[in-house]
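So the chains spell out like this:
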Amino acid sequence: MKLAAAAFGRTFQFKDLKEVMAKANEEKSGDQLAGIAAEDAKERMAAKLVLADLTLGDIREHPLLPPETDEVSRVIEEAVNEKIFAEVRNWTVAELREYLLAQSTGNEEIRRISRGLNSEMVAAVAKLMTNLDLVQAASKIEVTTHCNITIGQRGILAGRAQPNHPTDSIPGMTASLYEALSYGIGDAVIGINPVIDSADSVKAILATTKEIMDKWRIPTQNCVLAHIKTQMKAIRSGAPADMVFQSLAGSQDGNAAFGIDVRLLDEADELIRREGTGTGPNLWYFETGQGSELSAEAHHGIDQVTLESRCYGLARKYKPFIVNTVVGFIGPEYLYDSKQVIRAGLEDHFMGKLQQLPMGVDVCYTNHMKADQNDMDNLAVLLAAAGVNYIIGVPMADDCMLNYQSTSYHDIATLRETMRLRPAPAFEQWLERMGIMENGRLTKIAGDPTIFM
Amino acid sequence: MNPVIPIDQLVDRVMAELERKLAPSNAATAQTAKTANPMPDIAAALPEVAESITDGERIAHVPDPKWEEGLGELLASTPARIGVWRCGTRPLTKEVLRFRCDHAAAIDSVYGTVDSSLLDEFGLFTVETRFGNTENYLKRPDMGRIVTDEGVERIRSRCAAKPQVQVVVSDGLSANAVEANLRDVYPSLMDSLQAYGLSAGTPFFVRGGRVAVMDPIGDILQPEVLVLLIGERPGLVTSQSMSAYMCYRPRRGTVESDRTVISNIHRGGTPPVEAGAYIGTVLKKMLEQRTSGVNLEL
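Parameters and conventions
Residues numbered from 1 in each chain as written. Chains lettered and ligands numbered in written order. Predicted model: local features only at pLDDT ≥ 70, side-chain atom pairs only at ≥ 80, totals over all residues. Heavy atoms only, no water. Domains from an automatic or database assignment. Contact = heavy atoms within 4.5 Å. Buried area = accessible area lost by both parts, 1.4 Å probe. Salt bridge = Lys/Arg side-chain N within 4 Å of Asp/Glu carboxyl O. 1 Å grid on protein atoms, 1.4 Å probe; cavity = no way out; pocket = protein on both sides within 12 Å on 5 of 7 lines; lining within 4 Å. Points joined across faces, edges and corners; volume = space filled by probe spheres on them. Nonpolar A, V, L, I, M, F, W, Y, C, P; charged D, E, K, R; others polar. Buried < 20%, exposed > 50% of the residue type's maximum accessible area, 1.4 Å probe, protein only. Helix = DSSP H or I, 4+ residues; strand = E, 2+ residues; numbered from the N terminus. Pairing = 2+ DSSP bridges. Polar contact = N/O pair within 3.5 Å; in protein donor to acceptor, adjacent residues only side chain to side chain. Expected span 1.5 Å × (residues − 1). Bend = angle between axes of the 7 residues up to and from the residue. Phe/Tyr/Trp six-rings, centres within 6.5 Å; stacked < 30°, edge-to-face > 60°. Lys NZ or Arg CZ within 6 Å of the ring centre and 35° of its normal. Axes fitted to C-alpha atoms, helices over the stretch in contact; angles between N-to-C directions. Parallel < 35°, antiparallel > 145°, perpendicular 65-115°, else oblique. Left-handed = near helix turned anticlockwise from the far one by under 90°.

K.L.:
Can you break down the domain arrangement of chain A residue by residue, with the values?
P.N.:
All names here are of chain A. Along its sequence, chain A is organised into domain 1 (4-139) and domain 2 (145-452). The distance between the C-alpha centroids of domain 1 and domain 2 comes to 28 Å. Each partner contributes to the interface: domain 1 provides 44 residues, whereas domain 2 provides 44 residues. When the buried area of domain 1 at its contact with domain 2 is split by residue, Lys 28, Glu 71 and Val 72 rank highest and sum to 16% of it. If you look at where domain 1 meets domain 2, you find four salt bridges.

Pasting the structure below:
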């Protein structure tokens, strides 16, 4: 494995693959905080040059986190198809990039090759791609999933209704949900982040969303984003959950910090299949985001892009209905400004899609990050062009419970109109029956939440 | 995102909700505060244009709702920005501007600085951490936990060593929080300490501080208890929220669970005057029980 590159009149020598992977990243404050980022622009480029010439075999043979000591690595390693890997093991990372972007490579080709790639190879190729590369390659990949309805089809942009409330007030959540539905939002999921992480609270919220779905015959799925153990307790006591949710990290000890491991996820998987109310076969909702491993001091000197890709390798095991990267939630010490958030959003979406995941993105920022709503407008348009499966809908983009800003009901409606995208087919038919949408456009009554009262 | 919400955030949200429910009585409190202002004429003369858009009552804009009364009911049930209506698929101008005003206040409080005259009023001298500048402060939380060598020297030379109570003030993530609350919270804290017969050391201000700056200060001055009044990460609901972090014998290596916190100190949350008094009570208990954080019984 060649770890040196001649450039700018000198030789850059790197000590291992981990260093090359970290230094080949676009600038991220999180890699700088971890002390693993490139020293300057030239060293960054030297690392990219080295990475471009490494083979996919080199990457597989030099695990950054050995499967013997990390169960996330084991899950990823066990999923690699040996026959397909053998076809590509001598490709360089540069060749993988060019293959993905070639006009002759379409959805079917990418789907096949993806089974021979591990998460580190996926991260490696992302590091060599420009933002527009990431948009184009991702846009080729169609990942459709089915819980109660199908989403992810080409030309479809779904929305999560996220009607959170600062005290878990059921009427308050219901009010925000009515507003969402009146704008045609909620086809990805009606997903609520609870303040109180208790089984009773989760059960009450699931029951309410289910009642509303039943009353208005809304073709969608519900979920409450409590800790997995709390959801399991609620489901065992009879709560109607179409899906289960969990945040994932890209290392075993990162997951330990979240209070989960593969065994627990397996157990929850079995439970939702037996006791869940969703049709399936896709019954999971996962969230990720660059930087969570560093924040839990569980990064092992690995860069945040690679760790994020490993989250997707783990997620893939459970064939989720939706996955989203909460890209700007974690704060400026990981993604400093809009440039870094936009880059991370495109990287995450691409890396997830390449691992055949139904990717959504929470296009978001906190108030101490150097970003504003205009930056979110930009990223949302880029992701819509890249074929993102869904984005988040919050009233006026202001989540009054999580205290951050995301995308709004208005934004999803606007992206659909300007980018010629539609809600999920089953959901659009329902919107037409309700008189909210006609020929893919909102009607006069759209935006009036009292139509559900 | 991690769904497990720390208790202080939970309290924040409950308080934010209460604030909304108690909006009319808050207005009354604000009135009283204004009367007590040393320069009432100026306060009265200032036009409050920004306040009227950001603090004004929310009005639904749905032009022809199916159920008019129902709309009011929905709005009353949540602080979320609903019933906002639209032009095409975009929000109405005033709603966009209201949102941007709230964000502007939040941003300015992160990048703002505390006026030195305010610090002089309470005799607070200033030391800095190694934060360098706001950009670095945001990127390197570890730097906000280290006082500069010059600062350490200044603390050593100007502060009484081994005080019973050490008070430290810091801008943290919101200079605005210090500006908005210090005049109320600090005197009431001092009154409270006096009432309990507790003695305070020499207070000072830390520019560019993070919560864990308490530990090195603890090493230098060896107080029995330390309270840090620090600006919180601003939200859109308010950019003026302050926290009081308290610790019994803070030293390097103190863990988060050893600290006790009162968060959400601002006009619409825990009123600063009340907070000051309450901090005194908590410090008293820490001294009695010789512990803080999860082990403290309140």
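After that view, the rundown keeps rolling.
K.L.:
Let's hear about empty space enclosed by the protein: which residues, and what values?
P.N.:
All names here are of chain A. Overall, the coordinates contain five cavities of 30 Å³ or more when judged by the stated rule. Considering only enclosed or pocket space, the largest cavity measures out at about 80 Å³ in volume. The residue inventory of the lining of the largest cavity, partitioned by class, reads four nonpolar, five polar and two charged. Taken together, domain 1 (4-139) and domain 2 (145-452) each give at least three residues to the lining of the largest cavity, which thus spans both.

K.L.:
So what's going on with the pairing of strand E4 (residues 225-231) of chain B? Which residues, and what values?
P.N.:
All names here are of chain B. Of all the seven residues making up E4, seven are buried; the element is thus mostly covered by neighbouring parts of the structure. Residues of E4 alternate between two faces, with Val 225, Val 227, Leu 229 and Gly 231 on one and Leu 226, Leu 228 and Ile 230 on the opposite face, all of them buried. Relative to E4, strand E2 (residues 165-170) runs parallel, the two sharing six bridges. Residue pairing across strands places Val 169 opposite Leu 229, the latter belonging to E4.

K.L.:
Provide a residue-level description of the interface of chain B and chain A, including the pertinent values.
P.N.:
In this assembly, 51 residues from chain B lie in contact with 69 residues from chain A. Together chain B and chain A conceal approximately 5000 Å² of surface at their shared face, both sides included; 62% is due to carbon and sulfur atoms. Where chain B touches chain A, the interface holds two salt bridges. Between Arg 81 of chain B and Asp 398 of chain A there is a salt bridge; the shortest N-O distance is 2.7 Å. If you look at where chain B meets chain A, you find 15 residue pairs in polar contact (both at pLDDT 80 or more).

K.L.:
Break down unusual backbone geometry for me, with residues and values.
P.N.:
All names here are of chain A. Here Gly 280 and Pro 281 are connected by a cis peptide whose omega angle stands at 15°. Structurally, Pro 281 can be placed in the loop between helix H15 (262-275) and strand E9 (284-288). Positioned with a positive phi, Asp 168 is a non-glycine residue whose angle comes to about 60°. Among the secondary structure elements, Asp 168 is positioned in the loop between strand E5 (158-161) and helix H11 (170-182). Residue class for Asp 168 comes out buried when judged on its relative accessible area of 9%.

K.L.:
For helix H10 (residues 175-195) of chain B, give the residues involved together with the corresponding values.
P.N.:
The periodicity of an α-helix, 3.6 residues per turn, causes residues three or four places apart in sequence to face the same way. Residues and elements named next belong to chain B. With 21 residues, H10 ought to run about 30 Å at 1.5 Å a step, and its terminal C-alpha atoms sit 29 Å apart, in line with that. Along its length, H10 shows its largest kink, about 60°, at Asn 181. The complete set of buried residues in H10 reads Ala 175, Ala 177, Val 178, Asn 181, Leu 182, Val 185, Tyr 186, Ser 188, Leu 189, Ser 192 and Leu 193.

K.L.:
Can you lay out the packing of aromatic side chains for me, pointing to particular residues and giving the numbers?
P.N.:
Inspection of every chain in the model, using the stated rule, returns 15 aromatic pairs over all chains. Note on Trp 430 of chain A and Phe 452 of chain A: the rings are 6.1 Å apart at their centroids and 20° apart in plane angle, and the pair reads as stacked. In this pair, Trp 430 of chain A sits in helix H21 (residues 425-434) while Phe 452 of chain A sits in the segment after strand E16 (441-442), placing the two residues 22 residues apart along the sequence. The class of Trp 430 of chain A is buried, set by a relative accessible area of 1%. When its relative accessible area of 0% is taken as the criterion, Phe 452 of chain A is described as buried. An aromatic cluster is built from Tyr 178, Trp 216, Phe 427, Trp 430 and Phe 452 of chain A, whose rings are joined through pairwise contacts. The ring centre of Tyr 336 of chain A lies 4.6 Å from the NZ or CZ of Lys 139 of chain B, which sits over that ring. Here Arg 210 of chain B stacks its cationic end above the ring of Tyr 137 of chain B, 4.3 Å away from the centre of that ring.

K.L.:
Please set out the packing of helix H12 (residues 199-215) of chain A against helix H13 (residues 228-236) of chain A residue by residue, giving values where relevant.
P.N.:
Two numbers describe a pair of packed helices, the interaxial angle and the distance between the axes. Residues and elements named next belong to chain A. Direction vectors running N to C along H12 and H13 enclose 65°, while the axes themselves pass 8 Å from each other. When the axis of H12 is compared with that of H13, the two are roughly perpendicular. Relative to H13, H12 is oriented so that their crossing is right-handed. The residues of H13 that touch H12, namely those facing Ala 199, Val 202 and Lys 203, are Thr 230, Gln 231, Lys 233 and Ala 234. Class assignment for the residues of the contact of H12 with H13 results in three nonpolar, two polar and two charged.

K.L.:
Describe the packing of helix H18 (residues 338-354) of chain A against helix H19 (residues 373-386) of chain A, and please don't skip the residues or the numbers.
P.N.:
Residue and element names in this part refer to chain A. It is at 10 Å that the axes of H18 and H19 come closest, and there the two elements cross at 20°. On the basis of the axis angle, H18 is roughly parallel to H19. Between H18 and H19 lies a crossing whose hand is right-handed. Along the contact surface, H18 presents Ser 338, Val 341, Ile 342, Gly 345, Leu 346 and His 349, while H19 presents Asp 375, Met 376, Asn 378, Leu 379, Leu 382, Leu 383 and Ala 386. Residues belonging to the contact of H18 with H19 are distributed by class as follows: eight nonpolar, four polar and one charged.

K.L.:
Give a detailed account of the sheet that holds strand E7 (residues 222-224) of chain A, specifying residues and quantitative values.
P.N.:
Residue and element names in this part refer to chain A. If you walk across this open sheet you meet the eight strands as E7-E6-E5-E12-E11-E10-E9-E8, and the pairing is parallel. Every interior strand has two partners, whereas the edge strands, E7 and strand E8 (244-247), have only one. The average undirected angle you get between the axes of adjacent strands in this sheet is 25°. Across four bridges, strand E10 (residues 322-326) lies against strand E11 (residues 359-362) in parallel orientation. If you follow Asn 324 over to E11, its bridge partner there is Gly 360. In this fold H18 packs onto E10 and E11, with an angle of close to 160° to the strand it touches most, E11. Against the sheet, helix H20 (residues 409-418) contacts E5 and strand E12 (390-393), and its axis sits at roughly 145° relative to E12.

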